[in-house]
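# Observations on the model geometry
The primary structure of each chain is shown beneath.
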Amino acid sequence: PEEQPREELKKGGVGTGTVNLSSPMRIEDVGIVIPMGLMVGGHVTPIDHMYLQPTIFHSQPDTYNVYADADGVITSIGVEPENPDNKYKKINIRIIHTCDFYSIYNLLTSLSPDIFSITGEMSYGDYWSGSIPVKKGQLIGKIGGQTLDLSVNYDKVILRGFIVPEHYAGESWKIHTVDPFDYFEEPDRGQLLEKNLRTSLPLGGKIDYDIDGRLVGNWFVEGSGGYPEQYIPEVWKNHLSFAYDHIDPTHIIISMGNYGGDTKQATVKGDSPDPKDVSESTGIVKYELVGIDYVLENGQSWDRMSVAKNLKVRDSDMVEGTVLVQMIEKRKIKFEAFPGKRASEVSGFTNNVKVYER
């Protein structure tokens, strides 16, 4: 659902500053915690929420309870428009804890009876705004068959790794995203950390990688506006990111909104050169792309469903394509993808090259 105006988001907030948070799910219902920063499909730039994946992922809708993580006021509820790829409803809820500290939940499959009695039946694409006070630990809905997405945001924090904040006007909370583990209270924090896949700091993941004058970070097709305030369908087609794996940040990930017409995420063969070292003086850089797989400490493949620590990305032997990129100005690059081509088969940019900016 489209973001409501900032003044509507703040309606009902009391005081300022942060509060302690409890887990929005029962600890025993959480199978694994997937940190922020994943790039997958249309999520081309690093994802601004963590995933609480239920113990039985392929469960029926409404299998697991979802609770308010702190006292606050629900100011908005939205239901994602109907999509043939969605098996169940995806409900988004915003809880304002103070005037500048708030939580965003997504992918609930239903609302609690108390909430439903106020909103009434909500169909695909519906949006509700108002004021529903909630208490920490109060049942607000259920999930099943999908994760619970959790984003925690503090307006006094402005992430330094987004060089041009105006490019995030359409998702204005993004630049204020904080690590939920910094606010979870014990024992919930420790118990959720045991299920968290990331062992590198920050433990909740990282989403802002921009360094001015360097390749690393997010880029947007010139003139597209990034995440513009006016909603654009399939806006991710204009996005490009050079970042690091959300679980194993020693590996470079190139995430593309338009890779031969599709979205694509891949790691870099040889993990070199590091995009934080690429500048205007570097010239044209050629990256060979390989698939992403994770291995356990014993070298076996991870099943992506069970808790594991110290996971490492293992490069595939199969080259899936090549990209060329060149920084032509401090905040402007040329980029072109060559699906299915090895580096030796790519000699330079063609007429399909695009300019990206930040």
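Report on the accompanying structure. Everything numeric here is computed off the predicted structure, so don't read it as measured data.

Helix and strand content of the chain: 3 helices and 19 strands. Taken over C-alpha atoms, the radius of gyration comes to 21 Å for the chain, in line with the 21 Å a tight globule of 358 residues would show. With the C-alpha coordinates aligned to their principal axes, the bounding extent of the chain is approximately 65 × 45 × 40 Å. Out of the 358 residues in the chain, the part that is buried amounts to 55%. Considering only residue pairs separated by 6 or more positions, the chain has 68% of its internal contacts joining residues 24 or more positions apart. Only carbon and sulfur atoms are counted for the fraction: they give 49% of the accessible area of the chain, which is about 15400 Å². If you average the places of the 36 positive and of the 51 negative side-chain charges in the chain, the two averages end up 3 Å apart.

One open sheet accounts for 3 strands, arranged β3-β9-β7; its pairing is antiparallel. Since the sheet does not close on itself, it has two edges, and those belong to β3 (64–67) and β7 (110–111), each with one partner. The pairing of β3 with strand β9 (residues 139–143) spans 4 bridges and is classified as antiparallel. Among the inter-strand pairings, N65 is bridged to a residue of β9, identified as K142.

Here we come to the side chain of D188. As for its position among the elements, D188 is in helix α3 (residues 188–195). No salt bridge is formed by the buried D188. Its closest oppositely charged neighbour is K136, at 7.7 Å. Within polar-contact distance, the side chain of D188 engages the backbone nitrogen of S23 at 2.8 Å. In contact with D188, other than residues within four places in its own chain, are S22, S23 and I27.

Applying the stated criterion across every chain yields a total of 12 aromatic pairs. Residues F181 and F184 carry aromatic rings whose centres are separated by 5.7 Å and whose planes lie at 70° to one another, so their mutual orientation is edge-to-face. Taken as a pair, F181 and F184 share a single burial class, namely buried. Put simply, the rings of F162, Y168, F220 and Y227 pair up and form one aromatic cluster. Over the aromatic face of Y227 sits the side chain of K174, whose NZ or CZ is 4.9 Å from the ring centroid.

As a further point, take the environment of V164. When you line up the elements, V164 lands in the loop between β10 (148–154) and β11 (177–178). In sequence terms V164 and V290 are 126 residues apart; their C-alpha atoms lie 30 Å from each other. Residue contacts for V164: discarding those within four places in its chain leaves R331 and R358.

In this section: the pattern of salt bridges. Side chains that differ in sign of charge can pair as their charged atoms come close. Under the criterion given, the structure shown has 19 salt bridges. In this structure, the salt-bridge partner of K237 is E234, at a minimum N-O distance of 2.9 Å. A residue is classified by how much of its surface remains accessible, and K237, at 36% relative accessible area, is partly exposed. The class for E234 is partly exposed, based on a relative accessible area of 39%. A salt bridge links D277 to K276; the nearest nitrogen and oxygen atoms lie 3.6 Å apart.

Spatially, the 8 strands close up into a barrel ordered β12-β13-β14-β15-β16-β17-β18-β19, and their pairing is antiparallel. Put simply, the sheet's adjacent strands are angled 35° from each other on average, direction ignored. Across 8 bridges, strand β17 (residues 312–329) lies against strand β18 (residues 332–339) in antiparallel orientation. Looking at the pairing, L324 lines up with E336 of β18.

Those residues of α3 lying buried are D188, L192, L193 and K195. Projection of α3 onto a plane perpendicular to its axis shows the buried side chains occupying an angular sector of 155°, all on one side. Against the buried residues of α3 lie β1 (30–34).

Below, the discussion takes up the nonpolar core. With 46 residues, the main nonpolar core has I74, I77, I93, Y105 and I140 as its most contacted residues. Of all the elements, β10 adds the most residues to this core, at 4 residues. Core analysis: the next-biggest nonpolar cluster, separate from the first, contains 28 residues, M39, L215, Y259 and V278 among them.

This paragraph deals with the pairing of strand β2 (residues 50–54). Of all 5 residues in β2, 5 are buried, a share of seventy percent or more. Burial along β2 is two-sided: M50, L52 and P54 and Y51 and Q53, pointing in opposite directions, are all buried. In terms of strand pairing, β1 meets β2 through 4 bridges, oriented antiparallel. Following the sheet pairing, I34 is matched in β2 by Y51. As paired strands, β2 and β10 are joined by 3 bridges and run antiparallel to one another. Across the sheet, residue M50 finds its bridge partner in β10, namely L150.

Rules behind the numbers
Residues numbered from 1 in each chain as written. Predicted model: local features only at pLDDT ≥ 70, side-chain atom pairs only at ≥ 80, totals over all residues. Heavy atoms only, no water. Helix = DSSP H or I, 4+ residues; strand = E, 2+ residues; numbered from the N terminus. Rg over C-alpha atoms; globule rule 2.2 N^0.38 Å. Buried < 20%, exposed > 50% of the residue type's maximum accessible area, 1.4 Å probe, protein only. Contact = heavy atoms within 4.5 Å. Areas by Shrake-Rupley, 256 points an atom, 1.4 Å probe, with all protein chains shown as cover. Lys, Arg positive; Asp, Glu negative; His and termini not counted. Charge placed at Lys NZ, Arg CZ, Asp CG, Glu CD. Pairing = 2+ DSSP bridges. Salt bridge = Lys/Arg side-chain N within 4 Å of Asp/Glu carboxyl O. Polar contact = N/O pair within 3.5 Å; in protein donor to acceptor, adjacent residues only side chain to side chain. Phe/Tyr/Trp six-rings, centres within 6.5 Å; stacked < 30°, edge-to-face > 60°. Lys NZ or Arg CZ within 6 Å of the ring centre and 35° of its normal. Axes fitted to C-alpha atoms, helices over the stretch in contact; angles between N-to-C directions. Arc of directions from axis to C-beta. Core = buried A, V, L, I, M, F, W, Y, C linked by side-chain atoms within 4.5 Å.

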